[in-house]
Amino acid sequence: MKLAIVGAGWAGLAAAVEAVGAGHQVTVFEAARNAGGRARTVAGEPLLDNGQHILIGAYTETLRLMSSVGVRPENVLLRQPLSLRFADGGGLALPRWPAPLDLLAGVLAARGWSWGERLSLLRASLRWQRAGFRCAPQQTVAGLCADLAPRVAAELVEPLCVAALNTPAADASGQVFLRVLQDALFGVPRGGDLLLPRAELGALFPAPALQWLAARGAVLRLPWRVRAVTAQATGWQVDGEVFDRVLLACPPAEAARLAEGAAPAASAIWCARARALRFEAIATVYAQAPQGLAQPMLALRSGPAAPAQFVFDRGRLGGPAGLLAFVASASGTERAVVQAAVVAQARAQLGRPVRPLQTIIEKRATFACTPALQRPAARIAPGLLACGDYVEGPYPATLEGAVRSGVAAVAP
Ligand SMILES: Cc1cc2nc3c(=O)[nH]c(=O)nc-3n(C[C@H](O)[C@H](O)[C@H](O)COP(=O)(O)OP(=O)(O)OC[C@H]3O[C@@H](n4cnc5c(N)ncnc54)[C@H](O)[C@@H]3O)c2cc1C
């Protein structure tokens, strides 16, 4: 089969690697100079990522594909048990024990929580487990946690929810949140471990995937922004070149533009769903501190005037000493406002001055993962498919969601 893939983000690359592995003839079109999409490395000195990313142990497909293209995950990712410790020592950190003992021990040892608060979390966890990690589609994460002690909700659920779903708990889908918890805590051994990149994002998968594809005869057209896909009697044309099948691995608005031009009637519902998605921003403030942190990653107490939920010490992750990355998920989009607030937050919570180096705001970082959301399906029309983190599936907008969608789109 001659397959065109439009977009070389993690979804498009995953699809390309799988398709080449299955013996298809693959051409990848990518609008940017570099592959990686929203999870890419941005040129500059020092090399920075488009946004600080975290992976978790449950990202089994992402880890498998990294290995397929010759990357050893243990060389580029620092694995540590789940830790949401604050700079003042409060919060939860799990020991390196088998599940569910790690969770039990972590909760019992959580610093700054009363026994009542700890018990409220254990009770809620048992309830979720007994319900098979399912809830009504309309349920929000805040609703799911209504009887959780407020401190536990603020210090654990809210940061986990914005980290995983990039949507505030009050608006976030309880169903998707429970699915992530289930996979992380009970899916695979050490699924809840944090995997912190200690190389730039491009080196984790995009660049090695391109090399792997080129070495196996795939055609790589970068930079090439596809202008139009048109239907033929059999198959499709992509900017005039004929293919048996086309996979749109670009963001939803662009996929809808191309799908509408290619198959206006067949794609009507698909395009309406793609265009109805709402988005959340993520701001990453890179800043220089006089010295690094005691740990590679710390949770921060966030609120309207303190936008960052996490800070990463890039110096402990293979980068220059003292380079910090502050992540403000579901954030505002005014660069100067976010940056100034993060500087004040660093002084208040880390007790040190920081000098901003670069602030990257992705306005459409992820789709808003709200309850009962109808996401567009993978199939648009016969032989015209879509993949990407927004396509129908159990995961929120994550690398794993993108990769799984890419793999599924080329599965026989
Ligand atoms: C700041 C930030 C932080 C994040 N943090 C995390 C995290 O910690 N953990 C996590 O798992 N996920 C995180 N994510 C989400 C993750 O990055 C995305 O889910 C994932 O990268 C989406 O990949 P994708 O391939 O679906 O889409 P994209 O990355 O958007 O790829 C689409 C590609 O299509 C290309 N394209 C568009 N139009 C055309 C065209 N006409 N022709 C050719 N090419 C085209 C684009 O240039 C792009 O390369 C974060 C995202 C952001 C922005």
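It should be noted that the structure appears before, not after, this text.
This report concerns the structure included in the present document.

What counts and what doesn't
Counting starts from 1 at the beginning of each chain's written sequence and moves along it residue by residue. Two thresholds apply to this predicted model, a pLDDT of at least 70 for residue-level local features and 80 or more for giving and counting side-chain atom pairs, whereas whole-chain, interface and lining totals are computed over all residues. Heavy atoms throughout the structure, all of them, feed into the side-chain values; hydrogens and water do not. Note on geometry: axes are C-alpha line fits, over the in-contact stretch for helices, and angles between N-to-C directions span 0 to 180 degrees. Secondary structure elements follow DSSP: runs of H or I of four or more residues count as helices, runs of E of two or more count as strands, with numbering from the N terminus. To sort the angles, those under 35 degrees are grouped as roughly parallel, those over 145 as roughly antiparallel, those from 65 to 115 as roughly perpendicular, and the leftovers as oblique. Residue contacts are defined here by distance: any two heavy atoms, one from each residue, within 4.5 Å place the two residues in contact. Each residue receives one of three labels: charged for Asp, Glu, Lys and Arg, nonpolar for Ala, Val, Leu, Ile, Met, Phe, Trp, Tyr, Cys and Pro, and polar for the others, Gly being one of them. Accessible area is worked out with a 1.4 Å probe on protein chains only. A residue is then buried under 20% of its type maximum, exposed over 50%, and partly exposed in between. The pairing criterion is simple: DSSP has to find at least two bridges between the two strands. One speaks of a salt bridge when a side-chain nitrogen belonging to Lys or Arg is within 4 Å of a carboxyl oxygen belonging to Asp or Glu. Any two of the Phe, Tyr and Trp rings considered here, Trp counted by its six-membered ring, make a pair once their centres fall within 6.5 Å; the pair's planes then place it as stacked at under 30 degrees, edge-to-face at over 60, or tilted in between. Using protein atoms alone on a 1 Å grid, points that fit a 1.4 Å probe yet trap it form a cavity, whereas open point sets bounded by protein on both sides within 12 Å along at least five of seven lines form a pocket; residues with an atom within 4 Å of a point count as lining. Grid points are joined across faces, edges and corners, and a volume is the space filled by probe spheres set on the points. Proximity is defined per residue: any heavy atom of the residue falling within 4 Å of a molecule or strand makes that residue near it. Think of a polar contact as two N or O atoms within 3.5 Å of one another; within protein, one of them needs to be a possible hydrogen donor and the other a possible acceptor, and neighboring residues in sequence only count if both atoms come from side chains. Surface accessibility in these figures is a Shrake-Rupley result with a 1.4 Å probe; residues are shielded only by whichever protein chains are displayed.

## Some thoughts on the packing of helix α7 (residues 150-165) against helix α8 (residues 174-187)
- Where α7 contacts α8, the two axes come as close as 11 Å, and the packing angle between them is 95°. What the angle tells us is that α7 and α8 run roughly perpendicular. Along its contact with α7, which presents V157, L160, C161, A164 and L165, the element α8 presents V176, F177, V180 and L181.
- Taken together, the residues that form the contact of α7 with α8 break down as nine nonpolar, no polar and no charged.

## Quick notes on the pairing of strand β15 (residues 279-288)
- In terms of burial, β15 is largely enclosed, as seven of its ten residues are buried.
- Note: β15 against strand β19 (residues 355-367), nine bridges, orientation antiparallel. If you follow A287 over to β19, its bridge partner there is P356.

## Considerations on the pattern of salt bridges
- By the definition in use, this model includes 19 salt bridges.
- A salt bridge links D88 to R301; its shortest N-O distance comes to 2.9 Å. Here D88, found in the loop between β7 (83-85) and β8 (91-93), pairs with R301, found in the loop between β16 (297-299) and β17 (310-313); they are 213 residues apart in sequence, far enough to count as distant.
- In this structure D88 comes out as exposed when scored by relative accessible area, which is 56%.
- Its salt-bridge partner being R316, residue D313 comes within 3.8 Å of it at the nearest N-O pair.
- The class of R316 is partly exposed, set by a relative accessible area of 46%.
- The network of salt bridges with common partners includes D88, E117, R151, E155 and R301.

## Some remarks on the packing of aromatic side chains
- If you walk through the whole model with that rule in mind, you get five aromatic pairs.
- Considering the side-chain rings of W10 and F205, the 5.3 Å spacing of their centres and the 50° angle between planes classify their relative orientation as tilted. Residue W10 is located in helix α1 (residues 10-21), and its partner F205 is located in the loop between α9 (201-204) and α10 (206-215); the two are separated by 195 residues in the primary sequence. You'll find W10 and F205 in the same group, each marked buried.
- A centroid spacing of 5.5 Å and a plane angle of 45° characterise the contact between F133 and F186, whose relative ring orientation is tilted. In this pair, F133 is assigned in the loop between α5 (115-130) and α6 (141-144) and F186 in helix α8, connecting sequence segments 53 residues apart.
- Accessibility expressed as a relative area gives 35% for F186, which makes it partly exposed.
- A network of ring pairs unites the aromatic residues F29, W224 and F243 as a single cluster.

## Concerning the layout of surface pockets
- A volume near 370 Å³ is recorded for the second largest pocket.
- Taken together, 23 residues make up the lining of the second largest pocket; nearest its centre are S302, G303, P304, P307 and Q309.
- Those elements that provide at least two residues to the lining of the second largest pocket are α7 and α13 (335-350).
- In terms of residue count, α7 provides more of the lining of the second largest pocket than any other element does, five residues in total.
- Partitioned by chemical class, the residues of the lining of the second largest pocket number twelve nonpolar, seven polar and four charged.

## A closer look at the site of the ligand
- Not every one of the 33 residues close to the ligand is listed here, only the nearest: E30, I54, Y59, E254 and D389.
- A distance of 2.6 Å separates an oxygen atom of the ligand from a polar atom in the side chain of E30.
- In this structure, an oxygen atom belonging to the ligand sits 2.7 Å away from a side-chain N or O atom of D389.
- For the ligand, whose unbound accessible area comes to 1000 Å², protein coverage reaches 92%.
- Put simply, the parts of the chain that give the shell around the ligand at least two residues each are α1, β19 and α14 (399-410).
- Per-class residue counts for the shell around the ligand are 18 nonpolar, nine polar and six charged.

It is worth stressing that arrangement in space is one thing and function is another; only the former is reported here.
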